[in-house]
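Residues per chain, in single letters:
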Amino acid sequence: MRIIVAEDYKEMSKTAADMMASQIILKPDSVLGLATGGTPMGFYKELVNLYKQGKFSFKEVKTFNLDEYYGLDKRNLQSYHYYMMENLFKHIDIDLENVNIPDGTAKDIDEECRAYEDKIRKAGGIHMQLLGIGINGHIGFNEPDVKFEAITHLVNLDEETIEANSRFFSSIEEVPRSAISMGIKTIMHSKKILLLAAGSEKAQVIERMINGPITPELPASILQLHPDVTLIVDKEAGDKFD
Ligand code: F6R
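Residues numbered from 1 in each chain as written. Predicted model: local features only at pLDDT ≥ 70, side-chain atom pairs only at ≥ 80, totals over all residues. Heavy atoms only, no water.

- The name that an unreviewed UniProt entry assigns to the protein chain is Glucosamine-6-phosphate deaminase, with the source organism given as Clostridium punense.
- Its UniProt record gives the protein chain a comment under Sequence similarities (unreviewed entry), which states: "Belongs to the glucosamine/galactosamine-6-phosphate isomerase family. NagB subfamily." (UniProt positions renumbered as here; feature names shortened; annotations may be inferred.)

1. Re the nonpolar core
Right, on to step 1. I206 and M209 are the most contacted members of the largest nonpolar core, which has 62 residues in total.
Right, on to step 2. Among all residues touching I206, those that are not within four sequence positions of it are I133, A197, L231, V233, A237 and F241.
Right, on to step 3. Counting 10 residues, the second largest nonpolar core, distinct from the first, contains Y69, L72, L157 and V175. (Core = buried A, V, L, I, M, F, W, Y, C linked by side-chain atoms within 4.5 Å. Buried < 20%, exposed > 50% of the residue type's maximum accessible area, 1.4 Å probe, protein only. Contact = heavy atoms within 4.5 Å.)

2. Considering the packing of helix α1 (residues 9-26) against helix α2 (residues 41-52)
Right, on to step 1. For the pair α1 and α2, the least separation of the axes is 8 Å and the interaxial angle reads 50°. Viewed along their axes, α1 and α2 adopt a mutual orientation that is oblique. For the crossing formed where α1 meets α2, the hand is right-handed. Residues Y9, K10, S13, K14, A16, A17, D18, M20 and A21 of α1 touch α2, and the partners they reach there are M41, G42, F43, E46, L47 and L50.
Right, on to step 2. When its residues are assigned to classes, the contact of α1 with α2 shows 9 nonpolar, 2 polar and 4 charged. (Axes fitted to C-alpha atoms, helices over the stretch in contact; angles between N-to-C directions. Helix = DSSP H or I, 4+ residues; strand = E, 2+ residues; numbered from the N terminus. Parallel < 35°, antiparallel > 145°, perpendicular 65-115°, else oblique. Left-handed = near helix turned anticlockwise from the far one by under 90°. Nonpolar A, V, L, I, M, F, W, Y, C, P; charged D, E, K, R; others polar.)

3. A word on the UniProt feature "domain: Glucosamine/galactosamine-6-phosphate isomerase" (unreviewed entry) in the protein chain
Right, on to step 1. Per the UniProt annotation, the sites labelled "domain: Glucosamine/galactosamine-6-phosphate isomerase" (unreviewed entry) are residues 14-224.
Right, on to step 2. Taken end to end, residues 14-224 has its terminal C-alpha atoms 24 Å apart, with 32% of it in helix and 15% in strand.

4. Digging into the site of the ligand
Right, on to step 1. Looking at the ligand, there are 14 residues lining it, with T39, D67, H138, G140 and K202 nearest.
Right, on to step 2. At a separation of 2.8 Å, an oxygen atom of the ligand approaches a polar side-chain atom of T36.
Right, on to step 3. In this structure, K202 approaches the ligand through a side-chain N or O atom, which is 2.7 Å from an oxygen atom.
Right, on to step 4. Contact with the protein chains hides 94% of the accessible area of the ligand, taken as 410 Å² for the molecule alone. (Near = heavy atom within 4 Å. Polar contact = N/O pair within 3.5 Å; in protein donor to acceptor, adjacent residues only side chain to side chain. Areas by Shrake-Rupley, 256 points an atom, 1.4 Å probe, with all protein chains shown as cover.)

5. Considerations on the UniProt feature "active site" (unreviewed entry) in the protein chain
Right, on to step 1. UniProt's entry tags D67, N136, H138 and E143 with the feature "active site" (unreviewed entry), counted in the numbering of this structure.
Right, on to step 2. Note that N136 resides in the loop between β6 (128-131) and β7 (153-156).
Right, on to step 3. The class for N136 is buried, based on a relative accessible area of 8%.
Right, on to step 4. Contacts of N136, omitting those with residues within four sequence positions, involve E143, P144, D158, E160, T161, V205, E217, L218 and P219.
Right, on to step 5. With respect to the secondary-structure elements, H138 resides in the loop between β6 and β7.
Right, on to step 6. In this structure, H138 is in contact with G132, I133, E143, T161 and P219, ignoring residues within four places of it in sequence.

6. Some thoughts on the side chain of H81
Right, on to step 1. Within the element layout of this structure, H81 appears in helix α3 (residues 80-87).
Right, on to step 2. Classification of H81 by relative accessible area gives buried; the value is 14%.

The following block contains the structure:
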């Protein structure tokens, strides 16, 4: 695992955006795996800035998001569809036909998950996957006690995750209790992984992910076995490891 400790959140975001922009410049038809949440907001801003300098285009890029809340419609302001439109897609020249996010309102969820997995495979797999990490060690919404061999599936969210994500909702009752998420196996099949973490509340989980045992109790620990992971942390999140 390559580890970069950035001076602050802005530098973390910029470093990650530079890496993704390089991926697109070198391979204009890249397949990108994308994440949502608080951490990558600065990253998307920096990526849009680089795009606006005219150095590359998203015309041939395909994207697959990690997850979507179960039951939330695309137009719902808390949905990850909405987040992605606001933070990235409406600012760039991507063909929306090439954008893939699980449909949290699909009638047949099992079929939705199967079809999503199939689409990733048909696209040739993910070249670069962006990840955040939950304070409980989840990646995507693969919560502790995950099955490492799982592919895209419906997951029940942990109380800790519901609590952490309630900051984006007006009350904790509004946070969906489940989500569709790529599985660990799907994530591990990506060629390159870029994991971002910022803030002191992530320091402990980052330390355990790097130095602790590989265990389903800390889903992100499996990344120790991936051949091409770059972890970019700010000083606070990088405070607890040597
Ligand atoms: C988001 C996702 C989650 C988040 C994680 C951290 O698509 O899959 O794993 O990356 O919950 O969220 P933040 O960045 O809000 O701390």
